[in-house]
Amino acid sequence: MLREIVKPIENELHAVNNFIEKEMFIRTTHIGRYAHLEFSYSDKVIRPALVILSSRLYGYTGEKALHLACVFQFTHMASIAHKFIPEKDTDYIREDSDPRDGSQLPILVGDYFYGKTFAFLYNTGLSNFMGSIAEIICRIHEGGILKNRMKVNNPASQAYREVVRKETAELFAGCAVMGARLAGASVEQQESMRCLGINIGMASGIMERGATVKFAAAYLEEALANLRDVPDLEERYILEQIIKNLSSHNIIKQRMVI
């Protein structure tokens, strides 16, 4: 379903994937050998799509939107590489064990992607976004710390939702607001996009953690309401369909190695 929704920007998403794939090799070895980098189709495209659609809403269709989309996907990939590191420190020593299940190599892979995030910003003329991206990365790690201190995994609790906001929703908000900022949107327009991204991110984060859609319903409704404040263009319709797709909980759970 999501694949059909984002078809109008299929070429742009394909270009983003190609940019990323070129950075996935260290010499001749694919970096996925060293960390669990398995993503659903939704996980591969939803953040880049949000950047691209947000920039197009306010009139920008240039290549820098694709570069910015890569930045957010690298950041997401780094957080995922770190997310599945076991609590107990382990080292890859035995050749018959999977290096992805250790701690040493996945940590290095996550750091590699964070490095790619900032290298991409610098090399593509997007250095002005460095501070904002660094703040988001700090919040992702704050969320991880808070999650480890959380005693009850209750989707209705304030502590749970704070973790979701920091670990997931802030990155979505960044995709939306920085895409709009790249296009020269006003401060008020950027704030509207930030609210949209936060609400989509909260809904996505709650459901990807296994909670039912009822815990995300209020955020999805608010995201649809946020769309009233953005230009009435095709991109707004695509965003509306993405939100409704989340609402129907048609999130593909099947994992695919990138």
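Structure's up top.
K.L.:
So what's going on with the pattern of salt bridges? Residues and values would help.
P.N.:
Following the criterion strictly, the structure yields 14 salt bridges and no others. Residue Glu-23 pairs with Lys-116 through a salt bridge whose shortest N-O separation is 2.7 Å. Residue Glu-23 is found in the loop between helix H2 (10–22) and strand E1 (25–26), and its partner Lys-116 is found in helix H5 (residues 104–123); the two are separated by 93 residues along the sequence. A salt bridge links Glu-240 to Lys-244; the shortest N-O distance between them is 2.8 Å. Of this pair, Glu-240 and Lys-244 both sit in helix H10 (residues 234–247), four residues apart, which is roughly one turn of the helix. With relative accessibility at 40%, the residue Lys-244 sits in the partly exposed group.

K.L.:
Break down the environment of Arg-165 for me, citing the residues and quoting the values.
P.N.:
Tracing the backbone through its elements, the reader meets Arg-165 in helix H7 (residues 158–182). The class for Arg-165 is partly exposed, based on a relative accessible area of 30%. Remark: the alpha-carbon pair of Arg-165 and Gly-201, spanning 36 residues in sequence, is separated by 7.4 Å. With sequence-adjacent residues up to four places away left out, Arg-165 is seen in contact with Glu-170, Ile-198 and Met-202.

K.L.:
I'd like a rundown of the packing of aromatic side chains, residues and numbers included.
P.N.:
Aromatic rings considered in pairs are described by the distance between their centres and by the relative angle of their planes. If you walk through the whole model with that rule in mind, you get four aromatic pairs. Note on Phe-19 and Phe-120: the rings are 6.3 Å apart at their centroids and 75° apart in plane angle, and the pair reads as edge-to-face. Of this pair, Phe-19 sits in helix H2 while Phe-120 sits in helix H5, and the two are 101 residues apart along the sequence. Between Phe-74 and Phe-120, the ring centres sit 5.5 Å apart and the planes meet at 65°, which makes this aromatic pair edge-to-face. Placement of the pair is Phe-74 in helix H4 (residues 64–83) and Phe-120 in helix H5, with a sequence separation of 46 residues. Linked through ring pairs, Phe-19, Phe-74, Tyr-112, Phe-113 and Phe-120 together constitute an aromatic cluster.

Here is what the cut-offs are and how they apply
- Residues numbered from 1 in each chain as written.
- Predicted model: local features only at pLDDT ≥ 70, side-chain atom pairs only at ≥ 80, totals over all residues.
- Heavy atoms only, no water.
- Salt bridge = Lys/Arg side-chain N within 4 Å of Asp/Glu carboxyl O.
- Helix = DSSP H or I, 4+ residues; strand = E, 2+ residues; numbered from the N terminus.
- Buried < 20%, exposed > 50% of the residue type's maximum accessible area, 1.4 Å probe, protein only.
- Contact = heavy atoms within 4.5 Å.
- Phe/Tyr/Trp six-rings, centres within 6.5 Å; stacked < 30°, edge-to-face > 60°.

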